[in-house]
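Descriptive analysis of the structure
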Amino acid sequence: MPRALLFGAGSLGIPYAWVLSRAIGESNVTAVCRSNFREASRSGFTIHSKILGNDLQCKPRIAQTAADAARQIASEGENDGQPPFFDYVVVAAKALPSRPSIAELIGPAVTPGRTGIVLIQNGIGIEEEYARRYPQNPVLSTVAYFPATQVAPGVVYHSEVEMLRVGTYPAAAPAAHKDAARAFVDLIRKGGASANLHDDIQPKRWSKLLVNASWNPVCAVTRLRDREFIDSKKPDEKNEEDALGFIRDVMLEIAAVARACGYSGIDEELVDFQISRARVRDLPGIQPSMLADALESRSMEVDAIVGNTVRLAKEKGVPVPMLRTIYLLANGLSESFSRNKTTN
């Protein structure tokens, strides 16, 4: 039976720990926990989902670090003459800059040439460090549509949609890496969740980035949900078209970067589709993850989502003045949270 390590047991990691536990058994799943370590060790995880079901319970193995997790399975001894190893390390932690990096932190759990590294993270251009550090291992890049919130340590509420899109990095990966991606998709489906395999996952990443790199930082800086931002106005003014026009212009800059990178399908038609979805949304609207982090004064995924896009734009010679401004403001806000923690 395959073994899987979940690195990052938060609003995304917890549900996928449950999915993998259903597919391969709780004893073959280890979750690396930080702030919720004590509660997870004692009670496991609980998921309340409008799609998957209510009051779902799972109690996988719990570790504080990837090194601890590796030691746990090493203590079991060899199986069929082979030392135990993780078939998959699933990175579901936020894509935040850190020292050491997440790619370094998972190292003790990665067996060269055998462990597939699955990135369930937002942003663009996040895979290269993993591919460079683990050149013999499959790197699987994913796009998750799974709006969920950890409402208490180890307890997650989920609503609306549920889909994981999976592909290798790079798209032209060896056949063995493609097989690993296919096998992982099969595990997710076996666990009762939805997953699709894509030969090239990057167009899906760029498609999601249109929304993430526009709405996320704007909502965080204004402390408003998307529909609230659209309706923000003086009593005698109609602001909807101004607000949506602003977001549309930002999305068009992102789309221009995507096309410069070779993804022609990220076009004006797709931008207008995303704008139309926001236009019909009821108040108060969606709370993006950066807004949730900002309201709790937590560091935000500004660099992976917006900063990498701005850097790619510079590399490709694409002007993105609006996106660059948003990046500087949102990055400054995120930095203020970090500085407040060090001084308090």
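That block above? That's the structure.
Residues numbered from 1 in each chain as written. Predicted model: local features only at pLDDT ≥ 70, side-chain atom pairs only at ≥ 80, totals over all residues. Heavy atoms only, no water.

Our focus in this paragraph is the sheet that holds strand β1 (residues 4–7). The sheet built from 8 strands is open, its strands ordered β5-β2-β1-β6-β7-β8-β11-β12 with mixed pairing. In this open sheet, the two strands that pair with only one neighbour each are β5 (61–63) and β12 (195–197). For this sheet, the mean angle separating the axes of adjacent strands, direction not counted, is 25°. Relative to strand β6 (residues 88–91), β1 runs parallel, the two sharing 4 bridges. (Pairing = 2+ DSSP bridges. Helix = DSSP H or I, 4+ residues; strand = E, 2+ residues; numbered from the N terminus. Axes fitted to C-alpha atoms, helices over the stretch in contact; angles between N-to-C directions.)

The next subject is the sheet that holds strand β4 (residues 53–58). To summarise the sheet geometry, strands pair through backbone hydrogen bonds and adopt either a parallel or an antiparallel arrangement. The strand order β4-β3-β10-β9 describes an open sheet built from 4 strands, whose pairing is mixed. Here the strands that pair on one side only, and so sit at the sheet edges, are β4 and β9 (148–152). Mean inter-strand twist for the sheet, computed between neighbouring axes without regard to direction, equals 20°.

So, on to helix α10 (residues 268–279). Along its 12 residues, α10 runs 16 Å from first to last C-alpha, staying within 8% of the 16 Å computed at 1.5 Å per residue. Taken together, the buried positions of α10 are occupied by Leu270, Val271, Gln274, Ile275 and Ala278. For α10, the buried positions fall inside an angular range of 140° around the axis, keeping them on one side. (Expected span 1.5 Å × (residues − 1). Buried < 20%, exposed > 50% of the residue type's maximum accessible area, 1.4 Å probe, protein only. Arc of directions from axis to C-beta.)

The subject of this paragraph is the nonpolar core. In terms of nonpolar packing, the biggest core is built from 44 residues, with Trp206, Trp215 and Val306 touching the most fellow members. For this core, the elements supplying multiple residues, two or more each, are α7 (202–222), α8 (226–230), α9 (240–260), α10, α11 (289–295), α12 (302–316) and α13 (321–343). For this core, the element with the highest residue contribution is α9, accounting for 9 residues. Not counting the four nearest positions on each side in its chain, Val306 is found in contact with Ala213, Pro217, Met290, Leu323 and Tyr327. Counting residues in each nonpolar core, the second largest holds 41 residues, with Ala40, Phe45, Ile47 and Leu187 among its members. (Core = buried A, V, L, I, M, F, W, Y, C linked by side-chain atoms within 4.5 Å. Contact = heavy atoms within 4.5 Å.)

With that out of the way, let us pick up the side chain of Thr46. Among the secondary structure elements, Thr46 is positioned in strand β3 (residues 45–49). Here Gln57 takes part through its side chain, which lies 3.1 Å from a polar atom of the side chain of Thr46. Not counting residues up to four positions away in its chain, the partners in contact with Thr46 are Asp55, Leu56, Gln57, Gly154, Val155 and Val156. (Polar contact = N/O pair within 3.5 Å; in protein donor to acceptor, adjacent residues only side chain to side chain.)

Further remarks concern the packing of helix α1 (residues 13–24) against helix α6 (residues 175–190). Running from N to C, α1 and α6 cross one another at 95°; their axes reach a closest spacing of 7 Å. Taken together, the axis directions place α1 and α6 in an arrangement best described as roughly perpendicular. Between α1 and α6, the residues in contact are Tyr16, Val19, Leu20, Ala23 and Ile24 and Phe184, Leu187, Ile188 and Lys190, respectively. Looking at the contact of α1 with α6, its residues break down into 8 nonpolar, no polar and 1 charged. (Parallel < 35°, antiparallel > 145°, perpendicular 65-115°, else oblique. Nonpolar A, V, L, I, M, F, W, Y, C, P; charged D, E, K, R; others polar.)

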